[in-house]
Amino acid sequence: MPRSVSGVEMRKRQAAHIEAPPQAPGQPRPNTCCLCWCGCCKCLWNEDRMDRSDQQTCTKMDSIEAAEEQHPSLDEVLSWARSFEMMLRSLEGREIFREFLRSEYSEDNLLFWLACEEMKKETNPSVVDEKARIIYEDYVSILSPKEVSLDSRVREGINQSLAEPSNLMYEEAQLQIYTLMHRDSYPRFLNSSVYRDLLGSRRRTCLDT
């Protein structure tokens, strides 16, 4: 069992380390301390700590890359054809649907719907005010290049709500855009090469395994 270091010996070692003559530039400090108190010396304990930190960082990056390489299963892709709501709940489903909408120049409908979903979860009044303004400027204002298609009654209700925004002020507009995507874009998506190619790829993967 290693012998414990007393308080007196510890102070002597620290004093010897502090009073040691200055080292030449670029020369590492000698391993005079039993523990690296400030993390600046080249002791084995500090080097080991840095190695462990590097290993943890690599592990985290590997996990992120592995998550990014994941693909939806065949069952999940098939479920998107059964339910528009189920597709929107899936991260991969939203991404592939967004890709299709981009090809039809209607991606902003989905982005507006997602922005409203996020705003409904917000409870901080100052954040609600900010998000309400951003959504209005990005998707509702007639001056916005990304303006979504809303009827005049819903648009007027939003204009009145801007004076005192709430996290649910876009709920009716969000439902209108949801209905538009469901009835119009969604059927075309299911018949598109974007969806059919993905479905065929998942089926081939299942056969191969």
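Small disclaimer: the values here were computed from a predicted structure and weren't measured. (Residues numbered from 1 in each chain as written. Predicted model: local features only at pLDDT ≥ 70, side-chain atom pairs only at ≥ 80, totals over all residues. Heavy atoms only, no water.)

(A) The overall build of the protein, seen in detail. Helix and strand counts for the protein come out as ten helices and zero strands. Moving toward the C terminus, one meets the helices and strands of the protein in the order α-α-α-α-α-α-α-α-α-α. Relative to its full complement of 209 residues, the protein shows a buried share of 28%. Sequence-distant contacts, at least 24 apart, represent 53% of the contacts inside the protein between residues at least 6 apart. For the protein, the exposed surface amounts to about 14300 Å²; the carbon and sulfur share of it is 53%. (Helix = DSSP H or I, 4+ residues; strand = E, 2+ residues; numbered from the N terminus. Buried < 20%, exposed > 50% of the residue type's maximum accessible area, 1.4 Å probe, protein only. Contact = heavy atoms within 4.5 Å. Areas by Shrake-Rupley, 256 points an atom, 1.4 Å probe, with all protein chains shown as cover.)

(B) Representation of the environment of Leu 180 within the structure. Its place among the elements puts Leu 180 in helix H9 (residues 171-190). Along the sequence, Leu 180 and Ser 149 sit 31 residues apart, while their C-alpha atoms lie 9.0 Å from each other. Beyond its immediate stretch of four places on either side in the chain, Leu 180 contacts Asn 109 and Ser 185.

(C) The arrangement of the nonpolar core in detail. Membership of the largest hydrophobic core comes to 38 residues, with the highest contact counts inside it found for Phe 97, Phe 112, Tyr 170 and Phe 189. Of all elements in the fold, only helix H3 (74-82), helix H4 (84-89), helix H5 (91-103), helix H6 (107-120), helix H7 (125-140), helix H8 (152-161), H9 and helix H10 (193-208) reach the threshold of two or more residues within this core. Looking at which element gives the most residues to this core, the answer is H9, with seven residues. Not counting the four nearest positions on each side in its chain, Phe 97 is found in contact with Phe 84, Met 87, Leu 88, Leu 110, Met 181, Ser 185, Tyr 186 and Phe 189. (Core = buried A, V, L, I, M, F, W, Y, C linked by side-chain atoms within 4.5 Å.)

(D) Quick look at the packing of H3 against H10. Packing of H3 against H10 leaves a shortest axis separation of 9 Å and a crossing angle of 150°. Accordingly, the angle class assigned to the pair H3 and H10 is roughly antiparallel. The element H3 and its partner H10 pack so that their crossing is left-handed. Between H3 and H10, the residues in contact are Leu 74, Val 77, Leu 78, Trp 80 and Ala 81 and Tyr 195, Leu 198, Leu 199, Arg 202, Arg 203 and Cys 206, respectively. Residues belonging to the contact of H3 with H10 are distributed by class as follows: nine nonpolar, no polar and two charged. (Axes fitted to C-alpha atoms, helices over the stretch in contact; angles between N-to-C directions. Parallel < 35°, antiparallel > 145°, perpendicular 65-115°, else oblique. Left-handed = near helix turned anticlockwise from the far one by under 90°. Nonpolar A, V, L, I, M, F, W, Y, C, P; charged D, E, K, R; others polar.)

(E) Representation of the environment of Cys 116. Along the chain, the position of Cys 116 falls in helix H6. Along the sequence, Cys 116 and Glu 171 sit 55 residues apart, while their C-alpha atoms lie 7.3 Å from each other. Once residues lying within four places of it in the same chain are set aside, the contact partners of Cys 116 are Ile 135, Tyr 170 and Gln 174.

(F) How the structure looks around the pattern of salt bridges. Per the stated rule, a full pass over the model turns up eleven salt bridges. When the shortest N-O distance is used, the salt bridge between Glu 117 and Lys 120 registers 3.0 Å. Of this pair, Glu 117 and Lys 120 both sit in helix H6, separated by three residues, roughly a single helical turn. On the basis of relative accessible area, Glu 117 is assigned to the partly exposed category, the value being 24%. (Salt bridge = Lys/Arg side-chain N within 4 Å of Asp/Glu carboxyl O.)

(G) Quick look at the side chain of Ser 144. Tracing the chain through its elements places Ser 144 in the loop between H7 and H8. Judged by its relative accessible area of 9%, Ser 144 falls in the buried class. A polar side-chain atom of Ser 144 sits 3.1 Å from the main-chain amide nitrogen of Lys 146. Contact partners of Ser 144, with chain neighbours within four places excluded, come to Glu 137, Asp 138 and Tyr 139. (Polar contact = N/O pair within 3.5 Å; in protein donor to acceptor, adjacent residues only side chain to side chain.)

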